[in-house]
Amino acid sequence: MRRALQGALGACAAALLYACASPPPAEPQPQAAPPVAQAPAPQPAAAAPAAKLPPLLKKTVAERAPIVTVDHTNPPEGLWQRVRKGFAMPELDNAMVRSQTKWYAAHPDYLQRVFDRSKLYLYHIVDELERRGMPTELALLPMVESAFNPMAYSRAHASGLWQIIPGTGRRFELEQNWWYDERRDIVDSTTAALSYLEKLRKRHGDWHLALASYNWGENNVTRAIARNREAHKPTDYSHLRMPRETRAYVPKLQALKNIVRDPARYGVDLDPIPNQPYFVRLSETPDMDLRLAAELAEMPVEEFVALNPGFKRPLIRASEASRLVLPAEKLEVFYDNLAKRDAGSLVSWKVYHPRSGEKFDTIARTFGVSVAELKKVNGVPARSAQVPKVLVVPTRSEALGAAKLPIMYAPPIAARGVLGVVHRVKPGDTLSGIARRYKVSVGAVKRWNRIGDVLHVGQKIYIRKQLA
């Protein structure tokens, strides 16, 4: 496939309005994610005539703009440097900030996991913040909200990187249906969260109060301000009475800002992130199995879901989702593999409407699937006997592996092995040589690190002891 296939770029990646924040010193750490290395930028290619492509792809090619490439003769600054330049919020310095900064610095493994997850999503978030003229500290907010886990889900039913509750999602036109939850969509949730933060900033005239409103609720903050005003007390963030979680909310963001601004001061090894888009968005794709989409992109299904966390079923229905998101380097191979497939081979699930009184065990036997698998792929609690009005059921045996998909609210970023060693690339190192040295396959090294064939001196290569 050619350059004309490649879609408009956005970057990720890839996380509350009430309940989910990064852990305070006394709380357990969130689930770990494997380190992620930045993939190299795709190389430009000549455009391919749409008329020569299978009918399945013609519309996509005709409507797609060329990908923007990076001028490697003039390397751009790193993304962290770009984030630092955009810091614009008032500084907060108090005991809670110092305590939280100390805690983060004392838990470098936790920070590393969060920073590694952020590599998928951070460029897109920073780009959108700059476009709106908003402080780039807000790019760190998903670290507080969800630890950059797009499947994070709170007791208040807040979901996604930005931990948006259902009501706020509807308010900002985030579709939440049986097939797709846009609160977890990387692009749509970022748009909604930043729009909400802008609105809160205009309401209160203060970023710290806007953040408190985002966490606690805008009406709660408004009432707290009114109480202080009636008592002739200051009405800034530091003087309001608020829940402990909200009291610690801005200090956590300030602590992360302190570390990102000067990681060496706190003994933190902040891996560089290239200042270039990580992913591309495909707005025109056919219906297909989620697992097959990952296979066509030649990437582990967990990584595919980390970029496409909005899907709630093993079947991707183009009519229910606004886009697919892929690493930029995977676009050509995805379309190459898709062009080789017959349209009838893309889907191995179908929609089924149970008859009145029909039971799970009967449906499961009919379609050759266990009751447990049938319930899981349809988001039905394991102990529930109530059959929904609509189900997805397999039409062929290869679909059954989809029951292992990290759908619904299960975290998609599963550990794929225990970290054994971190290898820094030296002059003359090759992928095959590194793989031989640690007695692993080249494919495993690529998969663990999200890299292609190109290595860079000083680059970190993560080697794992075992596969999950």
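Look up: the structure comes first, before these words.
Colleague: Would you mind showing me how to read the packing of helix 8 (residues 186-204) against helix 9 (residues 207-216) here?
Modeller: When two helices pack together, their arrangement is captured by the angle between the axes and the distance separating the axes. The interhelical angle for the contact between helix 8 and helix 9, taken along N-to-C directions, is 125°, at an axis separation of 8 Å. With respect to each other, helix 8 and helix 9 are oriented oblique. In the crossing of helix 8 with helix 9, the sense of the turn from one axis to the other is right-handed. Contacts from Ala193, Tyr196, Leu197, Leu200, Arg201 and His204 of helix 8 reach helix 9 at Trp207, Leu209, Ala210, Leu211, Ser213 and Tyr214. Residues belonging to the contact of helix 8 with helix 9 are distributed by class as follows: 9 nonpolar, 2 polar and 1 charged.

Colleague: For this particular structure, what's the right way to read the environment of Ile316?
Modeller: Take Ile316: it is sitting in strand 4 (residues 315-316). Considering only alpha carbons, one finds Ile316 and Leu292, 24 residues apart in sequence, at a separation of 9.8 Å. Dropping the residues within four chain positions of it, Ile316 is found in contact with Asp287, Met288, Asp289, Leu290, Ala293, Phe304, Phe311 and Leu324.

Colleague: Mind showing me how you'd approach the pairing of strand 5 (residues 324-327) here?
Modeller: The two faces of a sheet get side chains in turn, since along a regular strand they alternate between them. In strand 5, alternate side chains face the same way, and those of Leu324 and Leu326 on one face and Val325 and Pro327 on the other are all buried. Where strand 2 (residues 279-282) lies against strand 5, 4 bridges are found, and the strand directions are antiparallel. Looking at the pairing, Arg281 lines up with Val325 of strand 5.

Colleague: I keep staring at the packing of aromatic side chains and nothing clicks. Help me out?
Modeller: Both the distance between ring centres and the angle between the ring planes are used here to describe each pair of aromatic rings. Overall, the coordinates contain 11 aromatic pairs when judged by the stated rule. Taking the centre distance of 5.8 Å and the plane angle of 45° together, the rings of Tyr196 and Tyr214 count as tilted. Placement of the pair is Tyr196 in helix 8 and Tyr214 in helix 9, with a sequence separation of 18 residues. Per residue, the accessibility class of Tyr196 equals that of Tyr214, and both read buried. In this structure, Arg82 is placed above the aromatic ring of Tyr123, and the distance from its NZ or CZ to the ring centre is 5.0 Å. The ring of Trp178 carries Arg313 above its face, with NZ or CZ at 4.2 Å from the centroid.

Scoring rules and cut-offs
- Each residue is numbered by its place in its chain's sequence as written, counting from 1.
- Since the coordinates come from a predicted model, pLDDT governs what is reported: local features require at least 70, and pairs of side-chain atoms require 80 or more to be given and counted, while whole-chain, interface and lining totals use all residues.
- Hydrogens and waters are ignored; side-chain quantities use all the structure's heavy atoms.
- What counts as an axis is a line fitted to C-alpha atoms, over the stretch in contact for a helix, and the angles between N-to-C directions run from 0 to 180 degrees.
- Under the scheme used here, helices are H or I runs from DSSP no shorter than 4 residues and strands are E runs no shorter than 2 residues, and both carry numbers assigned from the N terminus.
- An angle below 35 degrees is treated as roughly parallel, one above 145 as roughly antiparallel, one from 65 to 115 as roughly perpendicular, and anything else as oblique.
- Less than a right angle of anticlockwise turn of the near helix away from the far helix marks a crossing as left-handed, whereas a clockwise turn marks it as right-handed.
- Should any heavy atoms of two residues lie within 4.5 Å, those residues are counted as being in contact.
- Throughout this entry, Asp, Glu, Lys and Arg are counted as charged residues, while Ala, Val, Leu, Ile, Met, Phe, Trp, Tyr, Cys and Pro are counted as nonpolar. The remaining residues, Gly among them, count as polar.
- Exposure classes here rest on a 1.4 Å probe applied to the protein chains alone. A residue is buried below 20% of its type maximum, exposed above 50%, and partly exposed in between.
- What makes two strands pair is DSSP finding at least two bridges between them.
- Geometry of aromatic contacts follows a simple scheme: Phe, Tyr and Trp rings, the Trp one being its six-membered ring, pair when their centres are within 6.5 Å, and the pair is stacked under 30 degrees between planes, edge-to-face over 60, tilted otherwise.
- Either the NZ atom of lysine or the CZ atom of arginine qualifies as a charge over a ring when it sits within 6 Å of the ring centre and within 35 degrees of the ring normal.

Note that every value here comes from positions in space, so none of it alone points to a role or purpose.
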